[in-house]
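Now for the letters of each chain:
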Amino acid sequence: MKKIILILLLICAEIVASQCPNNITYFRTQKEIDDFKVNYPNCKNLNKDITIYGTTDNNKIKNLEGLSNLETISNIEFFYFSSDLNINGLSNLKNVQNLTFYQNNIGFSLTGSFSSLSLIKGNLLITNNYTSNISLLDRFNSLQNINGSFFITENKSLTSISVPENLINIGNHLSIKNNNNLSLLNGFDSLENINGNFEISRNFNLENIPDFNKLKTIRQNLFFSSNAIKTINGFNELVFLGGEFNLQSSPSLIEISGFNNLLELNNNFMVNGAQNLTSLVGFTQLKNINGDFFISSIATVNFNSFNNLINTKSLTITSAKDVNNNFTGFNSIKTIGGYGLNIASINSNEFNAFSNIETSTRITIVNNSFSIISPLNNLKEIQGELSIYSNANLKDIDFLPNLETVEGLVAIHINEGLKKISGLNKLSNIDGNIYIQGNLNLETFSGFNNLIQTEKEIRFYQNPKLHTIDGFENLEIIQNEDLVVLENPLLQNIYGFNNLKTIEGILWIMDNNQLINIKGFTNLEHIGNEFGIIHSNLEDLESLKKINYIGGGIVIQYNTNLKNLNGLANVTSKTAHINLDDNLILENISGLTNIESIENYLVITDNPQLSLCEINPVCSYLELNNPSTNFIDNIDDNKVGCNSINQIINQCSILNTIDNNLFGFNFYPNPVNNKIYFTNVKDLSSILYIKIYDNLGKKLISKELNPSKKMEIDLRRLKQGFYYIQVTNKNKKILLKFIKE
């Protein structure tokens, strides 16, 4: 029994001697440090958070020898030191969760070493310190792994820091950030893996960084921003970057020459705001970017370093300048997805890149100084829009010779140096609008000759030197949308569109003051909506003679040389309205005679030579409608006979027997050039008495025609104009109007 009691007493004594304190949180004096070993000689594993204070009194902490038995501490914080601290007292420390150096002042430095510490299970934090120098090179001789993050942040006065050289792995993030005066960063010689983000940012005086030449893996993002770094020439062992490469606001950066073993990037590649970056020669092995590629505001256009790149979601390069070199690189890329290929604000003479590209979701070439773009011979499909605009030196659009499909908008506009558009002749499918506009020096257009149909609008707009529109030679139909030729003041000829038969929308030709030829529309048959010829120099509309249907209104305005509308003689459809305004020498509108009806309103104004308006659709409209109740209807300032609604109504009443067959004969042609003929006379025994008058009622010709002989009258001596023919047969008399051309 005594023996058992003795054993129990010995066990209890051992337990008491090995116990660690339950209430210690702070160490404020050297005495408290020294007393710890005396009071707890067997305490090895202190599962508590402790803060070790630096003070300014005479008993400030200088060493940690009183903690020399400790092997484990949950969390340690060194706070508010302003003098040297020897840490050899923690040389037996093997396990710690988080280790923090916080708000230590000028004069603080470390001596000694955490010589047994090989692992920090949580984070190593160096933050908000005011000392100018922190050296950790010899303080963590065994440290190889930080399972959490390593932060060097918000150290406003820090000018230099040396970090552990033996560190191999960081389990989460490495962040060197917001150290305003940091200019010297050393260490990381053995670092191989970072399993989170790696960030170096807002260190405004940091000019050089270590090479990181053993770093192989960054699992998340690599981020540089707002440093004074001039050269990034390390990272040559980096094989995998699991997030994005992001370099922002680095105006001091001149060269990036590392990363030569990087094979894959799992997110975006971004370089922005490196205005002095003249050398981008790393990345020679990079093949896959599983995100977007974006470069902006750099001083090089040599991207040959990316000639092995095969895949990226989208690719944008903007605001790059190098007038002495050509834009080159990216010659292995075949497909670009995402937002497509975007080349903008590049100051370089020639573009010699993307030689193997086959497909892109869209392509925009905007505000560049290229005078030559080498042909993209393999490009066949654009799955979105094609936009080429504001390229001041580009002379021709001839660099897409094999493009077949554009599934969105085609916009070629505001290219100041563009003189001709001669390419795109294999383009057979366009699912968006086609805009050719604002090209200040464009003279000729001759492309799109393989396009058969489109469902969107085609517009030529504000091309001040354009004189000829050719092209679209095989286009047959514009479905649902319009063809607009607008404000091209020197345009003379429209030769293209020779096979166009149907426009289901509007045909609008306006403000092309020099236009004299629209022969391209000789096969046009159907206009589904409005038709307008406004401000042209056309003399006739003969090129439109196959049109038989106009579903909207007809607008003929401000055509100074247009004499007649005979080219519309085959239009037999209803029309929504007719507007005939300010056509200075328009004499007759008989070309509209076969229109079935006018549905909504009628405007005939300011045509000083127009006197013949009493054609069937006009007479029918005025008979069936009360023009005084329609504020839109307007007929005035034309020649006598067509100078008011009442004048036309009167003329219509005179000619209300216009059906010649009811009278017993037909006569043709009307208009007439040389001779007028009479046929189908019902009463062959009756003489026809013919009298011809001018517009003033003066009799010019009087003749009798025998139905048994050839019934014709030679009118060659008559001048061009309007005439009345009075035909009397037995007791019947009719007065008809005809035109002499």
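One structure accompanies this document, and this report is about it. (Residues numbered from 1 in each chain as written. Predicted model: local features only at pLDDT ≥ 70, side-chain atom pairs only at ≥ 80, totals over all residues. Heavy atoms only, no water.)

1. Considering the environment of K121
Cut-off, in case you're wondering: To qualify as a helix, a DSSP run of H or I must reach at least 4 residues; to qualify as a strand, a run of E must reach at least 2; elements of each kind are numbered from the N terminus. In this description, contact between two residues means that some pair of their heavy atoms is separated by no more than 4.5 Å.
Of note, K121 is situated in the loop between strand 7 (119–120) and strand 8 (124–127). Each C-alpha atom, one on K121 and one on E457, is 65 Å from the other, the two residues being 336 residues apart in sequence. Those residues in contact with K121, other than ones at most four positions away along the chain, are N95, V96, Q97, N147 and G148.

2. Quick word on empty space enclosed by the protein
Inclusion rule: Only protein atoms enter the 1 Å grid used here, on which a cavity is any set of points holding a 1.4 Å probe that cannot leave and a pocket is any open set flanked by protein within 12 Å on both sides along at least five of seven lines; residues with an atom within 4 Å of a point are listed as lining. Grid points are joined across faces, edges and corners, and a volume is the space filled by probe spheres set on the points. Side-chain classes are defined by residue name, with Ala, Val, Leu, Ile, Met, Phe, Trp, Tyr, Cys and Pro counting as nonpolar, Asp, Glu, Lys and Arg as charged, and the others, Gly among them, as polar.
One pass over the structure, following the stated rule, counts 1 cavity of 30 Å³ or more. Estimated volume of the largest cavity: approximately 30 Å³. Lining the largest cavity are L341, I343, F351, I363, I365 and L376. Broken down by secondary-structure element, the contributors of at least two residues to the lining of the largest cavity are strand 34 (341–344) and strand 37 (363–366). Considering only residue class, the lining of the largest cavity consists of 6 nonpolar, no polar and no charged.

3. With respect to the state of the cysteines
To be explicit about the condition: For this text, the term disulfide refers to a pair of cysteine sulfurs within 2.5 Å.
This structure, assessed with the given rule, holds 2 disulfides. Disulfide partner of C20: C43, at an S-S distance of 1.8 Å. The sign of the 110° torsion about the S-S bond sets the C20-C43 disulfide as right-handed. Taken together, the positions of C20 in the loop between helix 1 (2–18) and strand 1 (26–27) and C43 in the loop between helix 2 (30–39) and strand 2 (45–53) put the pair 23 residues apart, joining distant regions of the chain.

4. Examining the environment of D511
Residue position: D511 is located in the loop between strand 54 (507–510) and strand 55 (526–527). In the structure, D511 is positioned 25 residues away from S536 in sequence and 6.4 Å away in space, judged by C-alpha atoms. Contact partners of D511, with chain neighbours within four places excluded, come to L486, E487, N488, P489, I534 and H535.

5. Regarding the packing of aromatic side chains
Note the threshold: Planes of paired rings set the category: under 30 degrees apart is stacked, over 60 is edge-to-face and the rest tilted, where pairs are Phe, Tyr or Trp rings (Trp by its six-membered ring) whose centres lie within 6.5 Å. Each residue's exposure class comes from its accessible area (1.4 Å probe, protein chains only) as a fraction of the maximum for that residue type: buried when under 20%, exposed when over 50%, partly exposed otherwise.
Summed over the entire model, instances satisfying the criterion amount to 45 aromatic pairs. A centroid spacing of 5.6 Å and a plane angle of 35° characterise the contact between F303 and F330, whose relative ring orientation is tilted. A residue pair is termed long-range when its members are at least 10 positions apart, and F303 in strand 29 (residues 302–303) and F330 in the loop between strand 32 (327–329) and strand 33 (335–336) qualify at 27 residues. Like F330, F303 is buried.

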